[in-house]
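# Structure at a glance
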Amino acid sequence: MRGRTSARITIAVLAVCVLVLFLCALLIGPAGLGVRESLDALLSGRGEATALVMREIRLPRALLAVLIGAGLGASGATLQGYLRNPLAEPGLLGISGAAAFGAVLALYTGLSVVFPLALPLAGLSGAFAATAIVQILAGASGSSISLILAGIAVSSLAGALTSLVLNLAPNPFAASEIVYWLLGSLADRSLSHVWLAGPFILVGLVLLFATARALDALTLGEDTAASMGVNVARTRRLAVYGTALAVGAGVAVAGAIGFIGLVVPHLLRPLTGGLPSRLLPASALGGAALLLLADLAVRVIAPDRDLKLGVLTALVGAPFFFWLVLKNRRTMT
């Protein structure tokens, strides 16, 4: 009972945080617009320049932060629950790397110049291809270990192919464009990117949330869960396809943004009692809040230097690993 109450309070607080940060994302920026002026332009469309900033720059950026952050957080919580491994994260299945490779190919071949949406579409194609390969390698009834090994193989191959494309880049400018995209950013994204990625991420979230009760049973082990009527193979498919849709679409439009899927479930697990069914919604909201906060920090810290979002999340995530190592050492001694 205490864990359920704590989870509800945590989810309510996170929902308020997401709402507040979303409003801040709409109202804070280098343009220096007033609050009343900004909201009036957003809702009514009055003031051509202000409405352009609010509707075409800030709104898509804020919406993508919520969607991508929620997808990363929920994917991390689902994979940690299914694999029963607190170090599992979305990149473990190779979906992030394959989506990045698909987008890099679009940049390398020049398709992104001819057709702007070719970049996110190529990223989505890479994510779906990785999902199919992982499922084939792991087998229809493969174990969690098979799934992890298949994901590592796909991730390694995608990373190698991305490095090969960088190595063969026709000029330094093309290589620079690829590297900057790989660092991850929500800048210069439009409502077209929201409409392209949004439906995939939302469907992915639905699939991930559908695993909640089964993940609770899986905390007791696969054999015990199966004896309780849980279809383990179906749960794995939902987890993999949900991650592919949510994370693949996010990477396709924003580049690689790491650590959120690992850090957020870890931080929220003690506050939700540890049950995956409670951790899932909390992680989705926590991921959205963290990505909104990180994007706001990017705008405030170095608005003229184009600090990349993936760099900031990595700088936050790396110390978390140090803390995790020290915590485990204290537990074992």
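What comes next concerns the included structure. Keep in mind that this is a model prediction, so the values were computed, not measured. (Residues numbered from 1 in each chain as written. Predicted model: local features only at pLDDT ≥ 70, side-chain atom pairs only at ≥ 80, totals over all residues. Heavy atoms only, no water.)

## Examining the overall build of the protein
A count of helices and strands for the protein gives 15 helices and zero strands. For 333 residues, the compact-globule estimate of 2.2 N^0.38 gives 20 Å, and the protein sits close to it at 20 Å. Counting only C-alpha atoms and orienting by the principal axes, one finds that the protein spans roughly 60 × 50 × 40 Å. Counting only residues that meet the buried cut, the protein has 50% of its 333 residues in that class. Summarising the internal contacts of the protein: among those between residues at least 6 apart in sequence, 77% fall at separations of at least 24. For the protein, the exposed area adds up to about 15600 Å²; of that, 69% sits on carbon and sulfur atoms. (Helix = DSSP H or I, 4+ residues; strand = E, 2+ residues; numbered from the N terminus. Rg over C-alpha atoms; globule rule 2.2 N^0.38 Å. Buried < 20%, exposed > 50% of the residue type's maximum accessible area, 1.4 Å probe, protein only. Contact = heavy atoms within 4.5 Å. Areas by Shrake-Rupley, 256 points an atom, 1.4 Å probe, with all protein chains shown as cover.)

## Observations concerning the packing of helix α3 (residues 48–83) against helix α9 (residues 191–209)
Relative placement of two packed helices is described by the angle separating their axes and the distance separating the axes. Running from N to C, α3 and α9 point in directions that differ by 25°, and their axes come no closer than 10 Å. Here α9 runs roughly parallel to α3, going by the angle between their axes. Remark: the crossing between α3 and α9 carries left-handed chirality. Facing R55, E56, P60, L63, L64, L67, I68, A70, G71, A74, S75 and T78 of α3, the residues of α9 in contact are L191, H193, V194, G198, I201, L202, L205 and L208. (Axes fitted to C-alpha atoms, helices over the stretch in contact; angles between N-to-C directions. Parallel < 35°, antiparallel > 145°, perpendicular 65-115°, else oblique. Left-handed = near helix turned anticlockwise from the far one by under 90°.)

## Section: the nonpolar core
One finds I68 and L147 to be the most contacted residues of the largest nonpolar core, which totals 86 residues. Element by element, the count of residues in this core is highest for α3, at 14 residues. (Core = buried A, V, L, I, M, F, W, Y, C linked by side-chain atoms within 4.5 Å.)

## So, the environment of A226
Examined against the element boundaries, A226 turns out to sit in helix α11 (residues 222–227). Taking the relative accessible area as the measure of exposure, A226 reaches 43% and is therefore partly exposed. Separated by 12 residues in the primary sequence, A226 and A214 place their C-alpha atoms 9.5 Å from one another.

## A few points about the environment of A214
Mapped onto the fold, A214 is located in helix α10 (residues 212–218). With relative accessibility at 13%, the residue A214 sits in the buried group. Filtering out sequence-adjacent residues up to four positions away, A214 remains in contact with V230 and T235.

## Side note on helix α7 (residues 144–167)
An ideal rise of 1.5 Å per residue puts 34 Å on 24 residues; α7 measures up with 34 Å between its terminal C-alpha atoms. Every buried residue of α7 is listed here: S144, L147, I148, A150, G151, V154, A158, T162 and V165. On its buried face, α7 sits against α3, α4 (95–109), α6 (118–138), α8 (172–182), α11 and α12 (232–254). (Expected span 1.5 Å × (residues − 1).)

## Looking at the state of the cysteines
Here the structure, examined in full by the defined rule, presents zero disulfides. C17 takes part in no disulfide bond, and the closest cysteine sulfur, belonging to C24, lies 10 Å away. Here C24 falls in the partly exposed class, since its relative accessible area comes to 25%. (Disulfide = S-S within 2.5 Å.)

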